[in-house]
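Coordinate analysis (summary)
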Amino acid sequence: LPLCFPEKLWRMLESDQFRSIWWSEGGKCVAINKDLFEVEVLGRGVCQRVFNTQHIRSVIRQLNLYGFTKVQRDFQRSASLPEFLSEEAAASAHSQILYYYNPSFNRAHPWLLGTCKRR
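Residues numbered from 1 in each chain as written. Predicted model: local features only at pLDDT ≥ 70, side-chain atom pairs only at ≥ 80, totals over all residues. Heavy atoms only, no water.

For clarity, the threshold we go by: UniProt positions are given in the numbering used here, feature names are shortened, and annotations may be inferred rather than shown by experiment.
As annotated in an unreviewed UniProt entry, the protein chain carries the name HSFY1 protein and is attributed to Molothrus ater. Among the UniProt annotations of the protein chain, the heading Subcellular location (unreviewed entry) holds the following wording: "Nucleus". As its UniProt record puts it under Sequence similarities (unreviewed entry), the protein chain is described as follows: "Belongs to the HSF family."

So, in structure tokens, the structure goes:
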């Protein structure tokens, strides 16, 4: 039987084959490096494709359909200009990383995976 979206996502996260997607926040969030994911996962040939799409928008739509919510990163800004510019550069690089959370999708609780249902 073909795997559903959450099962495919879980296997990708547990695999050492992908550098563009990983567990973050102690296994409670999914982190996706958007640019690398588009090349590494969505840019694969038809035979090696994990998802039936080549577009990150479709993957994000699936995340939303399965109850994942985007987690925003808040950065504390420094008052000094050099530190602010340094932090701004880091935040810009960090903006390519998307974080998604679902209470039923937790690395420490794999048995909850079955409760991730499509809305």
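So, next bit.
1. Concerning the overall build of the protein chain
Let me state the cut-off plainly: Secondary structure counts use DSSP, requiring at least four H or I residues in a row for a helix and at least two E residues in a row for a strand, with both numbered from the N terminus. Exposure categories follow from relative accessible area, calculated using a 1.4 Å probe and restricted to protein chains: below 20% of the type maximum is buried, above 50% is exposed, and the middle band is partly exposed. Note on contacts: a residue pair qualifies if any of its non-hydrogen atoms lie within 4.5 Å across the two residues. Per-residue and other accessible areas were derived by the Shrake-Rupley procedure at a 1.4 Å probe size, with only the shown protein chains allowed to occlude residues.
Summing up its helical and strand segments, the protein chain has four helices and four strands in all. Here the protein chain holds 119 residues, and 36% of them are scored as buried. Restricting to contacts in the protein chain with at least 6 residues of sequence separation, those with at least 24 account for 58%. Put simply, the protein chain shows about 7600 Å² of open surface, and 52% of that area lies on carbon and sulfur atoms.

2. Focus: the pattern of salt bridges
The line we're drawing: Salt bridge, as used here: a side-chain nitrogen of Lys or Arg that lies within 4 Å of a carboxyl oxygen of Asp or Glu.
The tally for this structure, following the rule as stated, stands at one salt bridge. Between arginine 107 and glutamate 14 there is a salt bridge, with its nearest N and O atoms 3.1 Å apart. In this pair, arginine 107 is assigned in the segment after strand S4 (97-101) and glutamate 14 in helix H1 (residues 5-14), connecting sequence segments 93 residues apart. Given the relative accessible area of 42%, arginine 107 is considered partly exposed. Judged by relative accessible area, glutamate 14 falls into the partly exposed class, the value being 40%.

3. Brief notes about the environment of phenylalanine 105
Mapped onto the secondary structure, phenylalanine 105 falls in the segment after S4. On the accessibility criterion, phenylalanine 105 (1% relative accessible area) is buried. In sequence terms phenylalanine 105 and proline 6 are 99 residues apart; their C-alpha atoms lie 8.1 Å from each other.

4. Points about the pairing of strand S1 (residues 21-24)
The cut-off we apply is this: Each pair of strands is called paired provided DSSP finds at least two bridges between the two strands.
Across four bridges, the pairing between S1 and strand S2 (residues 29-33) is antiparallel. Directly across from isoleucine 21, in S2, lies its bridge partner isoleucine 32. Hairpin geometry of S1 and S2 is characterised by an intervening segment of four residues between the two adjacent antiparallel strands and by a positive phi of about 55° at glutamate 25.

5. Regarding the side chain of glutamate 40
Test applied: The sign given to each residue is positive for Lys and Arg and negative for Asp and Glu; His and the chain ends receive no count.
For glutamate 40, the location among the structural elements is in helix H2 (residues 34-40). In this structure glutamate 40 is buried but unpaired, with arginine 19 as the nearest side chain of opposite charge at 4.1 Å. Apart from the residues lying within four places of it in its own chain, the contact partners of glutamate 40 are Gln17, Phe18, Arg19 and Ser20.

6. Considerations on the pairing of S4
Most of S4 sits inside the fold, with four of its five residues counted as buried. Summarising the sheet, strand S3 (residues 69-70) and S4 pair through two bridges and their orientation is antiparallel. Bridging from a neighbouring strand, lysine 70 pairs with tyrosine 100 of S4.

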